[in-house]
Amino acid sequence: QREKGRGAKNNWKNAMEDIWFAVKDPKNYYFDVDSVKQKRRVIAPYKVNGVPKDWQEDEVEGNYRLTYPSNFWDDISVPYWSMPENTAHPTQKPEKLLAKLILASSDEDDLVFDPFLGSGSTAVTANKLGRRFCGIEQNEQYAIWAQKRLETAKEDKSIQGYWGGVFWERNTNHEQRKLK
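Values in this document were obtained by computation on a predicted structure and should not be read as measured data.

J.: How should I be thinking about the overall build of the protein chain in this particular structure?
T.: Helix and strand content of the protein chain: 4 helices and 8 strands. In the protein chain, the succession of helices and strands from N to C terminus is β-β-β-β-α-β-α-β-α-β-β-α. Once the C-alpha set of the protein chain is aligned to its principal axes, its extents read approximately 60 × 45 × 40 Å. Within the span of the protein chain, comprising 180 residues, buried residues form 34% of the whole. Here the contacts in the protein chain between residues at least 6 apart in sequence split such that 57% fall between residues at least 24 apart. Of the roughly 12600 Å² of accessible surface on the protein chain, 51% is carried by carbon and sulfur atoms. Across the protein chain, the mean location of the 28 positive side-chain charges is 5 Å away from that of the 27 negative side-chain charges.

J.: Would you explain the packing of aromatic side chains in this entry?
T.: Two descriptors summarise a pair of aromatic rings, namely the distance from one centre to the other and the angle between the planes of the rings. What the rule picks out here adds up to 5 aromatic pairs. Look at Phe21 and Tyr29: their rings are 5.7 Å apart centre to centre, the planes differ by 65°, and that puts the pair in the edge-to-face class. Classification of Tyr29 by relative accessible area gives partly exposed; the value is 44%. Relative to Trp168, the ring of Trp163 lies with its centre 6.1 Å away and its plane at 65°, an arrangement referred to as edge-to-face. A cation over a ring is seen here: Lys100 above Trp73, with NZ or CZ 4.9 Å from the ring centre.

J.: So what exactly am I meant to see when it comes to the pattern of salt bridges here?
T.: If charged atoms from side chains of opposite charge come close, those side chains can pair. Enumeration over the complete set of coordinates arrives at 12 salt bridges. For Lys47, the salt bridge is made with Glu57, and the minimal N-O distance between the two is 3.6 Å. Here the residue Lys47 occupies a position in strand β2 (residues 47–48), and Glu57 occupies one in the loop between β3 (51–52) and β4 (64–67), the gap between them amounting to 10 residues. The salt bridge partner of Lys100 is Asp75, with a shortest N-O separation of 2.9 Å. Here Asp75 lies in the loop between β4 and α1 (95–105) and Lys100 lies in helix α1, a separation of 25 residues in the sequence. In the salt-bridge network here, residues are joined through shared partners; they are Arg40, Arg41, Asp74 and Glu169.

J.: Can you walk me through the packing of helix α2 (residues 121–128) against helix α3 (residues 140–153) in this structure?
T.: For any two helices packed against each other, one specifies the inter-axial angle together with the distance between the axes. At their nearest, the axes of α2 and α3 sit 9 Å apart, and the two run at 15° to each other. Taken together, α2 and α3 sit at an angle that is classed as roughly parallel. In the crossing of α2 with α3, the sense of the turn from one axis to the other is right-handed. Counted together, Ser121, Ala123, Val124, Asn127 and Lys128 of α2 and Arg149, Leu150 and Ala153 of α3 form the full contact between these two elements. Residues belonging to the contact of α2 with α3 are distributed by class as follows: 4 nonpolar, 2 polar and 2 charged.

Conventions adopted
Residues numbered from 1 in each chain as written. Predicted model: local features only at pLDDT ≥ 70, side-chain atom pairs only at ≥ 80, totals over all residues. Heavy atoms only, no water. Helix = DSSP H or I, 4+ residues; strand = E, 2+ residues; numbered from the N terminus. Buried < 20%, exposed > 50% of the residue type's maximum accessible area, 1.4 Å probe, protein only. Contact = heavy atoms within 4.5 Å. Areas by Shrake-Rupley, 256 points an atom, 1.4 Å probe, with all protein chains shown as cover. Lys, Arg positive; Asp, Glu negative; His and termini not counted. Charge placed at Lys NZ, Arg CZ, Asp CG, Glu CD. Phe/Tyr/Trp six-rings, centres within 6.5 Å; stacked < 30°, edge-to-face > 60°. Lys NZ or Arg CZ within 6 Å of the ring centre and 35° of its normal. Salt bridge = Lys/Arg side-chain N within 4 Å of Asp/Glu carboxyl O. Axes fitted to C-alpha atoms, helices over the stretch in contact; angles between N-to-C directions. Parallel < 35°, antiparallel > 145°, perpendicular 65-115°, else oblique. Left-handed = near helix turned anticlockwise from the far one by under 90°. Nonpolar A, V, L, I, M, F, W, Y, C, P; charged D, E, K, R; others polar.

Now the structure itself:
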């Protein structure tokens, strides 16, 4: 799901993009769903005999549950001007989106290939997650942005919305949680 998108007077606003998952060998492929669990707040905690059922209590993080992702991801924010990953690329993909795809479909040191590199979101995210990467980009300006982002990623391995090996729901401020 994306909150940006062109509105239309005579149709619905396109607020989502499809992700296709294809494998060469349906009996032998890598898919690690545990690596992309999402941490969600529990609004109506249910207990059995005084014990949380399918959720955890935490004084710092509050009540939460780790959930498997569905086919509709509503926790992704399109990079906006104040986010460090933001560039002027017109169709930049969020690092959090790419992190989910990379973690679920590759292991550390695997090679991630992006034939349409753009501003380098895939390469930067792959690098931050300990994967090798290769990309192709024909637009010189986009390639310059990608190279600059790769240099920055050497110092900053953070991915917005991904802390401690867990994806957090949208608008979760992990920095504030650490201060409690």
